[in-house]
Amino acid sequence: MYAPGVNYFGSRTIITREPEYFAPPVNTYARLGRAVLLLLRNTGRALRMLGEAVANVHYMLSRQNRADLRQQMFVGGIKSLGVITVVALFTGMILALQTGLELRRFGQEVNIGTAVTVVLLREMGPFMTGLIIAASVGSAIAAQMGTMVISEEIAALEIMSINPVRFLVMPRLVALTLMMPFLTIYTDAVGIFGGAIVGSTQLNVSFTAYFDNCTRFAENKDLYVGLFKAMVFGVIIVTVACHQGFGAAEGAVGVGRATRRTVIISFLIILMMGYFITRLFYK
Amino acid sequence: MIRMEQVSKRLGGRVVLDGVELKIEPGETFFIVGTSGAGKSVMLKHMIRLLTPDSGRVWIGEDCISEARGWRLEQIRARFGVLFQSGALLAWLSAGDNVGLPLRQRTNDSDADIDRLAAAKLALVGLADAFDKLPAELSGGMRKRVGLARAIITQPEIVLYDEPTSGLDPVTARTIDALIDSLRQSLGITSVVVTHDLHSALAIGTRIAMLDGGQIVAVGTPAEFVRSTNAKVQQFLEAQFITKHGNWEKAVAT
Ligand SMILES: Nc1ncnc2c1ncn2[C@@H]1O[C@H](COP(=O)(O)OP(=O)(O)OP(=O)(O)O)[C@@H](O)[C@H]1O
Ligand SMILES: [Mg+2]
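Residues numbered from 1 in each chain as written. Chains lettered and ligands numbered in written order. Predicted model: local features only at pLDDT ≥ 70, side-chain atom pairs only at ≥ 80, totals over all residues. Heavy atoms only, no water.

Participant: Outline the overall build of chain B, supporting the account with residue identities and numerical values.
Facilitator: Looking only at helices and strands, chain B has 10 helices and 10 strands in total. Its C-alpha radius of gyration of 18 Å places chain B within 12% of the 18 Å reference for a compact globule of 254 residues. Projected onto its principal axes, the C-alpha positions of chain B cover 55 × 45 × 35 Å. The buried share of chain B, reckoned over its 254 residues, is 56%. Sequence-distant contacts, at least 24 apart, represent 63% of the contacts inside chain B between residues at least 6 apart. Summing over all exposed atoms, chain B offers an accessible surface of approximately 10,500 Å²; the carbon and sulfur share of this is 50%. (Helix = DSSP H or I, 4+ residues; strand = E, 2+ residues; numbered from the N terminus. Rg over C-alpha atoms; globule rule 2.2 N^0.38 Å. Buried < 20%, exposed > 50% of the residue type's maximum accessible area, 1.4 Å probe, protein only. Contact = heavy atoms within 4.5 Å. Areas by Shrake-Rupley, 256 points an atom, 1.4 Å probe, with all protein chains shown as cover.)

Participant: Give a detailed account of the packing of aromatic side chains, specifying residues and quantitative values.
Facilitator: Residues and elements named next belong to chain A. Counted by the stated rule, this structure contains five aromatic pairs over all chains. Pairing Y210 with F211 gives two aromatic rings, centres 5.2 Å apart and planes at 85 degrees, and the pair type is edge-to-face. Given the relative accessible area of 35%, F211 is considered partly exposed. Here the aromatic rings of Y275 and F276 are separated by 5.2 Å at their centres, their planes lie at 70 degrees, and the arrangement is edge-to-face. For Y275, a relative accessible area of 46% translates into the label partly exposed. R166 extends its terminal NZ or CZ atom over the ring of Y59, reaching a point 3.8 Å from the ring centre. Directly above the ring of Y282 sits K221, whose terminal nitrogen or CZ lies 4.4 Å from the centroid. (Phe/Tyr/Trp six-rings, centres within 6.5 Å; stacked < 30°, edge-to-face > 60°. Lys NZ or Arg CZ within 6 Å of the ring centre and 35° of its normal.)

Participant: Quick rundown of the nonpolar core? Include the residues and the values.
Facilitator: Ranked by internal contacts, the top residues of the largest apolar core, which has 51 residues, are I133, L157, V169, C242, F246 and I270 of chain A together with L101 of chain B. Mapped onto this core, the elements with two or more residues apiece are α1 (28–55), α4 (112–150), α5 (153–159), α6 (164–202), α8 (220–246) and α9 (251–281) of chain A. Counting residues per element, this core draws most heavily on α6 of chain A, which supplies 12 residues. Those residues in contact with F246 of chain A that sit more than four places away from it in its chain are I15, M49, M145, V149, I154, P164 and V169 of chain A. Of all hydrophobic cores here, the second largest spans 43 residues; its members include A130, A149, L183 and V233 of chain B. (Core = buried A, V, L, I, M, F, W, Y, C linked by side-chain atoms within 4.5 Å.)

Participant: Any chance you could break down the site of ligand 1 for me, citing the residues and the numbers?
Facilitator: With respect to spatial proximity, 16 residues lie near ligand 1, and among them R14, S36, G37, K40 and S41 of chain B are the closest. Lying at an intersection of chains, ligand 1 is approached by residues of chains A and B. Here an oxygen atom of ligand 1 sits 2.8 Å away from a polar atom, N or O, in the main chain of K40 of chain B. Those elements that provide at least two residues to the shell around ligand 1 are β2 (14–24) and α1 (40–47) of chain B. No other element matches the three residues that α1 of chain B contributes to the shell around ligand 1. (Near = heavy atom within 4 Å. Polar contact = N/O pair within 3.5 Å; in protein donor to acceptor, adjacent residues only side chain to side chain.)

Participant: Describe empty space enclosed by the protein, listing the residues and the values that go with them.
Facilitator: Left-over empty space is what a probe sized like a water molecule reveals as it rolls over the atoms. Considering all chains together, one arrives at two cavities of 30 Å³ or more under this definition. Counted as a void, the largest cavity has a volume near 110 Å³. Around the largest cavity sit 13 residues that line it, and I159 and M160 of chain A together with F80, G81 and V82 of chain B are the ones nearest its centre. Counting only elements with at least two residues in the lining of the largest cavity, the list comes to α5 of chain A together with β6 (80–83) and α5 (140–152) of chain B. When residues in the lining of the largest cavity are grouped by element, the largest group, three residues, is from β6 of chain B. Classifying every residue of the lining of the largest cavity by side-chain character gives nine nonpolar, two polar and two charged. The computed volume of the second largest cavity comes to approximately 70 Å³. In terms of lining, the second largest cavity is formed by E152 of chain A together with S41, L44, K45, I48, L50, V82, L83, F84, Q85 and D162 of chain B. Elements supplying a minimum of two residues to the lining of the second largest cavity: α1 and β6 of chain B. Counting residues per element, the lining of the second largest cavity draws most heavily on α1 of chain B, which supplies three residues. For the lining of the second largest cavity, the per-class residue count stands at six nonpolar, two polar and three charged. (1 Å grid on protein atoms, 1.4 Å probe; cavity = no way out; pocket = protein on both sides within 12 Å on 5 of 7 lines; lining within 4 Å. Points joined across faces, edges and corners; volume = space filled by probe spheres on them. Nonpolar A, V, L, I, M, F, W, Y, C, P; charged D, E, K, R; others polar.)

Participant: Outline the sheet that holds strand β4 (residues 55–60) of chain B, supporting the account with residue identities and numerical values.
Facilitator: Residues and elements named next belong to chain B. In space, the four strands of this open sheet follow the order β2-β1-β4-β5, with antiparallel pairing throughout. Each of the sheet's edge strands pairs with one partner strand only, and the pair in question is β2 and β5 (63–64). Inspection of the sheet shows strand β1 (residues 2–11) paired to β4 by five bridges, in the antiparallel sense. Bridge assignment links E5 to a residue of β4, and that residue is R57. (Pairing = 2+ DSSP bridges.)

Participant: Outline the packing of α4 of chain A against helix α7 (residues 207–217) of chain A, listing residues and values.
Facilitator: Residues and elements named next belong to chain A. Contact pair α4 / α7: the axes reach a minimum separation of 7 Å and the direction vectors enclose 55 degrees. Regarding the angle of α4 to α7, the classification is oblique. Judged by the twist between their axes, the crossing of α4 over α7 is right-handed. Residues I112, G113, T114, V116 and T117 of α4 form the contact with α7, whose own contacting residues are Y210, N213, C214 and F217. (Axes fitted to C-alpha atoms, helices over the stretch in contact; angles between N-to-C directions. Parallel < 35°, antiparallel > 145°, perpendicular 65-115°, else oblique. Left-handed = near helix turned anticlockwise from the far one by under 90°.)

Participant: Tell me about the coordination of the magnesium ion (ligand 2), and please be specific about residues and values.
Facilitator: Residues and elements named next belong to chain B. For the magnesium ion (ligand 2), the protein coordination sphere consists of S41 (OG) and Q85 (OE1), at 1.9 to 2.7 Å. Of this pair, S41 sits in helix α1 while Q85 sits in the loop between β6 and α3 (95–106), and the two are 44 residues apart along the sequence. Judged by relative accessible area, which is 33%, Q85 ranks as partly exposed. (Donors = N, O, S within 2.8 Å, 3.2 Å for Na, K, Ca; no water.)

Participant: With reference to specific residues and values, describe the sheet that holds strand β9 (residues 207–212) of chain B.
Facilitator: Residue and element names in this part refer to chain B. The strand order across the open sheet formed by six strands is β6-β7-β8-β3-β9-β10, and the pairing between neighbours is mixed. Where the open sheet ends on each side, the last strands, each with one partner, are β6 and β10 (215–220). Between one strand and the next, the sheet's axes are offset by a mean angle of 15 degrees, whatever the strand orientation. As judged from the five bridges shared by strand β7 (residues 158–162) and strand β8 (residues 190–194), these two strands associate in the parallel manner. Pairing of D162 across the sheet is with V194, part of β8.

Have a look at this one:
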């Protein structure tokens, strides 16, 4: 039987909000003040949505949702592998070439292995993966959520007492948070391999010497911190994308704006979080 | 069943509803007509609290939905089925899964039971063979009918329809009319229908209200409505070739 209130837990975020109307600001201060207030409010809403998605993670285990998870992981990861491969390969090659040319002046070319590996594991691997996924998957999520708002699908879900955060945000959050570390490992591997190619073709460093050097100085900690970063980036991308998508208004224009903002805001937060996480683990 | 008390609402800096007074009795098929942009959809959205009035109240039976929150609100909303103007189907689910969605998410019924019920509701709206089709593979009118099947699968007390027959061919439109009418006669469901199609309104409506300038300017049974002296109503009727001296009763008799 269809019963009201089944599966209902506590208060929940209402996604379908009243349309907002602001009178044009009277002067620059009013404009600035309003921008700051809106920023604070939107941050609060996004965090609240994230909290609610996390609180609903256990629903992921239900039968129907497992198929959904597999689907989201596929969309969220496998489809981006092509771009990631190219970007990772060239990132590794550039790193090897730049450091290699400097190191050659001291006859230390062989140490490009360490340089490439450490930089990729700690910083560039998760960062590049985050940027690519924000631009491809994040923007797609924002566009999809925005379209659903415009076509009243989100409102329809809420009327049917289906919580959009649990139904839409949570599976994407879980999928991308799980997917990001794997994608990052892949980026790291391809990047290190790219370094090896440059080493052997341009710097006279053999594959054996390169890979031996790679493993000598890199620590497990470098890998773990990098993967932790990747997971955080996954959370950031889904939160920003869903929040922006749900906030879409004014038809197709609004969807376009939500997509653009998702990419820009994710980039900025990923950049800043990358720094703070590094500072947290490397004093 | 539904009561709007002095409901006013501003949207985008302009007054859309200006003190709407309305009382809909249980078991009615209540029609709301009005020109495009008059605020009909806005009015419907107030009844399920997709919008909250700036002032005034909306009552569903004994419950004030315009002030309910959290779990109370969910409970009141569970009494409704809603057909949105665009159908509002989820793009990645088949027609059958869309119809079964509320049951799948909110009950512990088996998949087989849900599919059977969804197929039955689809048959009711004349789409028995569309079960496995995705919304993108359906025409606008078919999507709307899938939306209607989804709206009634939870056996709601009240069903809200936003333009159920617009974009449908006249034959299918009359089928939908018959369906709405049979819901009232067999199950006593209260329906609120927003439409431009006066023929539906006159054929199956128990009462018709005209919304203009943010207010209800005329309300009455179909017979009273066509005889209304209100200029706006007359204009609206004449535009659809229905005159008070004409033979509209014959024309819409089904
Ligand atoms: N979200 C919104 N933000 C700003 N204005 C809005 C919003 N929704 C509706 N309006 C305004 O409210 C008015 C009424 O809109 P509504 O959608 O209710 O019209 P309608 O009577 O349903 O018309 P139609 O027959 O074309 O569907 C319009 O003038 C519209 O501009
Ligand atoms: Mg409308």
